[in-house]
Amino acid sequence: MSGARARLEEIFRAGVDAADPARALQQAVTRGGDGVLRIAGRPLDAGARLCVLAAGKAAPRMAAALEEIAGEEIAAGLVVAREPAQATRMPVRVAAHPIPDARSAAAAEEALRLVETARPQDVLVVLLSGGASSLLSAPAAGLGVDDLTRTNEALLASGAPIDEVNGVRKHLSLVSGGRLAKRSRSRRIEVLVVSDVPGDRLDVIGSGPCAADSSRFADALDVLERRAIRARVPAAVSAYLEAGARGEVPETPKPGDPALARARHTLLASNRTALRAAAERAARLGLRPIDLTARLAGEARRAGRRIAALARCARVEAPVCLLAGGETTVTLRGAGRGGRSQELALAASLELAGSRGVTLLAAGTDGSDGPTDAAGAFADAGSVARAAAHGCDARAALARNDAYAFFEAAGDLLRTGPTGTNVMDLVLVSVEPV
């Protein structure tokens, strides 16, 4: 591995480590010298116990950390994750991501039973992280799991940003859009959040199971129309959304709903957390950090070209590291494999071909980019040529959304395995004097 690549991977891992959900939770849930458990500074009332629901990619680590601190004060709980995990006191259910399936529906139903059976004096603690929208996905009345599956597939293929995707999801699920909190019997709800969405919007993270939803059925229909996927979703879904728009189906809980006043959200970690730590590590390695944005969005291929062009044209007297964080989108045009970070890096590799002194790394902080085993990929002046030497053409790969095959041929994939956190993506670019 080149020196530039090794440095970028070290910077990336520093960012991921800083967003470690267990460490963040340990700072938010504490036990003082008086032995009283405090959640985000607020003590438990005498006799209160915890009812815990952990859902998302960071759920196992967050649940394990809470168990270490709270111990016997956990009366009941449930962990819903993408992969099997061990929790000492709470059962773990494995569900599907990013497309929900029957396991997702079963986990959501179990979660609803959990919150409905908690005592009013007990505290419902929701450990929420990215991926919860799919992992906890119970179809609304009259819909089936297949309806949710096909709708999610169409949404994710359309290139819609996460707020639009979750705006539709919230109106099709029994858990999302504040409905979980509405069903809870607890007088106090503490939601501890690891954010995976731009702007850290509480109503979007995990589709906001305990947050007020400002969107409406009509907005969900508008997303399907604007993204040209109305004809691709099941007829039952369109009919359900239309009934909601006519007022025949109850809306999601809105701002000001008294049932949601019980819920307090605490942000534990976000993309900005990772960016700060990455910048600090870059400086320690002798690269001057330059923060481009914490709101990277839009089509991945366009973002890759823009960032690569900026780096290629930069004239520096000492090494710098450009840093960007956020979540781009991919509109599927072909049948290839990859994810948004790999597609961004592939577009960047075309821009960087033949240039000197620039190396880019784009990767997902959860260690999984799209439906692949890679976190992301490196791109530099030689990526296009290395892939071509193995029979893979960069432009053809981009046209069919086949970034994974391209970077596998070039030897440029980054594989980290699951990281246990999820705070969107990091794009890091090393620019050296030439």
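Our subject is the structure that appears above.
Residues numbered from 1 in each chain as written. Predicted model: local features only at pLDDT ≥ 70, side-chain atom pairs only at ≥ 80, totals over all residues. Heavy atoms only, no water.

In terms of regular secondary structure, the protein is built from 16 helices and 15 strands. Taken against the 2.2 N^0.38 rule, which gives 22 Å for 434 residues, the C-alpha radius of gyration of the protein at 22 Å falls within 12% of a compact globule. With the principal axes as the frame, the protein shows a C-alpha extent of 65 × 60 × 35 Å. Buried residues in the protein amount to 58% of all 434 residues. (Helix = DSSP H or I, 4+ residues; strand = E, 2+ residues; numbered from the N terminus. Rg over C-alpha atoms; globule rule 2.2 N^0.38 Å. Buried < 20%, exposed > 50% of the residue type's maximum accessible area, 1.4 Å probe, protein only.)

For the rest of this paragraph, the subject is the sheet that holds strand β4 (residues 50–55). An order of β6-β5-β4-β7-β8-β9 is seen for the six strands of this open sheet, with the pairing classed as parallel. Bordering the open sheet on either side are β6 (92–94) and β9 (263–269), each of which pairs with just one other strand. Sheet twist, expressed as the mean angle between neighbouring strand axes with direction ignored, is 15 degrees. In this structure, β4 lies alongside strand β5 (residues 74–81), joined through six bridges in parallel fashion. Its bridge partner being in β5, V52 is matched across the sheet by G77. Here helix α2 (residues 21–28) sits on the sheet and contacts β7 (123–128), β8 (188–194) and β9; the angle it forms with β9, its principal contact strand, is near 130 degrees. (Pairing = 2+ DSSP bridges. Axes fitted to C-alpha atoms, helices over the stretch in contact; angles between N-to-C directions. Contact = heavy atoms within 4.5 Å.)

Let us look at the pattern of salt bridges. Side chains that differ in charge, positive against negative, can pair when their charged atoms come close. This model, assessed by the stated rule, comprises 42 salt bridges. When the shortest N-O distance is used, the salt bridge between R230 and E225 registers 2.6 Å. Taking the relative accessible area as the measure of exposure, R230 reaches 21% and is therefore partly exposed. We classify E225 as partly exposed; its relative accessible area is 45%. Put simply, D425 and R340 hold a salt bridge, and the shortest N to O gap is 2.5 Å. With D425 in strand β15 (residues 425–431) and R340 in helix α13 (residues 340–352), this pair connects stretches of sequence that are 85 residues apart. Taking the relative accessible area as the measure of exposure, D425 reaches 6% and is therefore buried. Residue classification places R340 among the partly exposed positions, given a relative accessible area of 25%. (Salt bridge = Lys/Arg side-chain N within 4 Å of Asp/Glu carboxyl O.)

A word on the nonpolar core. Judged by nonpolar contacts, the single largest core of 51 residues is most densely connected at L25, L50, L66, V125 and L127. Among the elements that make up this core, the one with the highest residue count is helix α3 (residues 59–70) (seven residues). Contact partners of L25, with chain neighbours within four places excluded, come to M62, A65, L66, I69, L127, L192 and L268. With 38 residues, the next largest nonpolar core counts I307, A311, V358 and A410 among its residues. (Core = buried A, V, L, I, M, F, W, Y, C linked by side-chain atoms within 4.5 Å.)

Attention now moves to the sheet that holds strand β14 (residues 413–414). Taken together, six strands build an open sheet; the order of strands is β10-β11-β15-β12-β13-β14 and the sheet is mixed. Both outer strands of the open sheet, β10 (288–296) and β14, are each paired with one neighbouring strand and no more. In this structure, β10 lies alongside strand β11 (residues 320–326), joined through six bridges in parallel fashion. Among the inter-strand pairings, I290 is bridged to a residue of β11, identified as L322. Sitting on the sheet, helix α11 (residues 271–284) is in contact with β10, β11 and β15, with an inclination near 170 degrees to β11.

So, about unusual backbone geometry. Here the residue pair H97 and P98 is connected by a cis peptide bond, since its omega of 5 degrees sits within 30 degrees of zero. Mapped onto the elements of the fold, P98 is located in the loop between β6 and α4 (102–117). Of note, the phi angle at D200 is positive, near 55 degrees, even though the residue is not glycine. By the secondary structure assignment, D200 is in the loop between β8 and α9 (217–226). For D200, a relative accessible area of 25% puts it in the partly exposed group.

Right, let's talk about a positive patch on the surface for a bit. Taken together, the side chains of R302, R305, R306 and R333 present a region of like positive charge at the surface. Among the secondary structure elements, R306 is positioned in helix α12 (residues 300–313). (Patch = residues over 30% accessible without salt bridge, like charges linked within 9 Å, V, L, I, M, F, W, Y side chains within 5 Å. Areas by Shrake-Rupley, 256 points an atom, 1.4 Å probe, with all protein chains shown as cover. Lys, Arg positive; Asp, Glu negative; His and termini not counted. Charge placed at Lys NZ, Arg CZ, Asp CG, Glu CD.)

This part covers the packing of aromatic side chains. Counted under the stated rule, the structure contains two aromatic pairs. Centre to centre, the rings of F217 and Y240 are 5.8 Å apart; their planes meet at 70 degrees, and the pair counts as edge-to-face. Of this pair, F217 sits in helix α9 while Y240 is found in helix α10 (residues 235–245), placing the two residues 23 residues apart along the sequence. Judged by its relative accessible area of 1%, F217 is buried. The buried category is assigned to Y240, whose relative accessible area is 13%. The ring centre of Y404 lies 4.6 Å from the NZ or CZ of R337, which sits over that ring. (Phe/Tyr/Trp six-rings, centres within 6.5 Å; stacked < 30°, edge-to-face > 60°. Lys NZ or Arg CZ within 6 Å of the ring centre and 35° of its normal.)

Moving on, we come to the side chain of D196. Take D196: it is sitting in the loop between β8 and α9. No salt bridge is formed by the buried D196. Its closest oppositely charged neighbour is K57, at 6.1 Å. Discounting residues that sit within four places of it in the chain, D196 has contacts with G130, G131, I205, E327, N422, V423 and M424.

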